[in-house]
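Descriptive analysis of the structure
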Amino acid sequence: MAGTGTSPSVVPLYDLQLEPEDITAVMEVLESGWLTLGPRTHAFEAAFASHLGVSHAVAVSSCTAALHLAYLAAGVGPGDEVIVPSLTFAATAAAVVYCGATPVFADIVGPHDFGLDPADVERRIGPRTKAVCAVHFAGYPAAVDRLAALCDAHGLALIEDAAHAPSADFDGRKLGTWGRAGAFSFFSNKILSCGEGGLLATDDDDVAALARSLRSHAMTSGTWSRQTRETDSYDVVGLGFNYRLDEPRSALLLSRLARLEPEIERRRALTRAYRDKLAGLPRVLLPYDDAGVTRSSCYVMPIVVDDDGRRDGVRRRLRDEHGIQTSVFYPAVHEFTAYRTRFGAQRLPHSERVARTEITIPLFAHLDEQMQDRVVGALREELA
Ligand SMILES: Cc1ncc(COP(=O)(O)O)c(C=O)c1O
């Protein structure tokens, strides 16, 4: 059904496909007369908590908001440090700065595994470290078992940036449920998307209570409970934010959640097919392995070329000569102007190498074989 409207001659990096039931669900909200956080948001929270097997799911306006609340709930404040990867979207680190704290960047394992390296994390723990944030790149699990043990040993909070990982697991336990809190993204191009949205998952009652309070101005009761006459006034008991998710987006998420597992299975099948078709291509590395694919939600398909001088030219020719859209996941955050000037230059060899040699190629659940073969053929031609 409805798509993003990309020209049919272009293979987009990502494409959104909504079904009639999604549109009906949103229309019902628009006709209901209640748009801000209310019963559909509560229903989505219950469904997502049960999907994760976690006690609390707090829907918010973005993953960035969820990360901010997770860091605050971990007690991160001015003067503290939080260890984060640099090979991530800037929000992982920006939310640390929102708390008045300093992001300390740690390196990834290497070009075959973009997860945070526990040994490098350990080297960077100091007296001001309060928390560690692990990003599950593309839904492939970071070493959460080792990072959780490390955090326990040093009295630190483990936060998971599970923006890419709405249904991935490690050792039979869903990602986003290993740390004190996990943050999910429902941004437009994510696996489970609604435009803008996020969620904080936790088993900790206090973290959940704080997140629920701070997402809505630290008010003791929300507008919906006054509408339903559960309460008729409120107090403000802290400095909160407007991080609420609204009803149309919650309805869309609830409707799309029903198709999440089959869509992720399809992403895994496409990822395996990419791996088979690209295997043996000279001077190209495919990060992760087949076992990793089975555990991952396969949000994006990264490949790594051997030479940073080649990467940008290959991307340009894929776009101009083959109509194939690609991206870079990610430029290293510690090299961005804002972070370099505020927190100083740093060396993170693996993150820097991947930031200069990675190409993210098209992947979405309804990518068909013909489109995939076009991407593979173009890569063979340009990378030979
Ligand atoms: C790893 C990671 N963390 C955080 C975010 C921020 O998510 P949101 O746009 O929902 O705030 C993103 C989104 O791109 C992301 O990829």
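This section reports on the structure supplied with the text. Computed from a prediction, not measured in an experiment: that's the story for all the values here.

1. Here's the deal with helix H7 (residues 205–214)
Taken together, the buried positions of H7 are occupied by Val207, Ala208, Ala211, Ser213 and Leu214. Residues of H7 that are buried make contact with strand E1 (56–60), helix H3 (63–73), strand E10 (181–185) and strand E11 (198–202). Of the residues that open H7, the one with a side-chain oxygen 2.9 Å from the backbone nitrogen of Asp206 is Asp204.

2. Considerations on the pattern of salt bridges
Under the definition given, this model contains 21 salt bridges. The partner of Glu382 in a salt bridge is Arg317, with the nearest N and O atoms 2.6 Å apart. Placement of the pair is Glu382 in helix H15 (residues 369–383) and Arg317 in helix H12 (residues 308–322), with a sequence separation of 65 residues. Under the relative-accessibility criterion, Arg317 is labelled partly exposed at 30%. A single salt-bridge network, built from bridges that share partners, covers Glu21, Asp22, Arg256, Arg259 and Glu263.

3. Brief notes about the nonpolar core
The biggest cluster of nonpolar side chains holds 86 residues, and the ones touching the most others in it are Phe48, Phe137, Phe186, Tyr274, Leu278, Ile303 and Ile361. Top contributing element to this core by residue count: H15, with six residues. Non-local contacts of Phe137, meaning those with residues more than four positions away in its chain, are made with Leu87, Phe114, His164, Tyr288, Val300, Pro302, Phe329 and Tyr330.

4. Structural notes on the site of the ligand
Taken together, 16 residues form the shell around the ligand, and within it Thr64, Asp161, His164, Ser185 and Lys190 come nearest. In this structure, a nitrogen atom belonging to the ligand sits 2.7 Å away from a side-chain N or O atom of Asp161. Between an oxygen atom of the ligand and a side-chain N or O atom of Tyr330, the distance comes to 2.9 Å. Put simply, the parts of the chain that give the shell around the ligand at least two residues each are H3 and helix H4 (91–98). Per-class residue counts for the shell around the ligand are seven nonpolar, seven polar and two charged.

5. Structural notes on the sheet that holds strand E13 (residues 301–305)
In a beta sheet, neighbouring strands are held together by backbone hydrogen bonds and run either parallel or antiparallel to one another. Reading across from one edge, E12-E13-E14 is the order of the three strands in this open sheet, with antiparallel pairing throughout. Either end of the sheet is taken by a strand with one partner, and the two such strands are strand E12 (284–285) and strand E14 (358–361). Here E12 runs beside E13; their pairing, made up of two bridges, is antiparallel. By the bridge assignment for E13, Val284 is matched with Val305. Strands E13 and E14 of the sheet are contacted by helix H10 (residues 260–278), whose axis makes an angle of about 25 degrees with E13. Strands E12, E13 and E14 of the sheet are contacted by H15, whose axis makes an angle of about 10 degrees with E13.

Procedures and definitions
- Residues numbered from 1 in each chain as written.
- Predicted model: local features only at pLDDT ≥ 70, side-chain atom pairs only at ≥ 80, totals over all residues.
- Heavy atoms only, no water.
- Buried < 20%, exposed > 50% of the residue type's maximum accessible area, 1.4 Å probe, protein only.
- Helix = DSSP H or I, 4+ residues; strand = E, 2+ residues; numbered from the N terminus.
- Contact = heavy atoms within 4.5 Å.
- Polar contact = N/O pair within 3.5 Å; in protein donor to acceptor, adjacent residues only side chain to side chain.
- Salt bridge = Lys/Arg side-chain N within 4 Å of Asp/Glu carboxyl O.
- Core = buried A, V, L, I, M, F, W, Y, C linked by side-chain atoms within 4.5 Å.
- Near = heavy atom within 4 Å.
- Nonpolar A, V, L, I, M, F, W, Y, C, P; charged D, E, K, R; others polar.
- Pairing = 2+ DSSP bridges.
- Axes fitted to C-alpha atoms, helices over the stretch in contact; angles between N-to-C directions.

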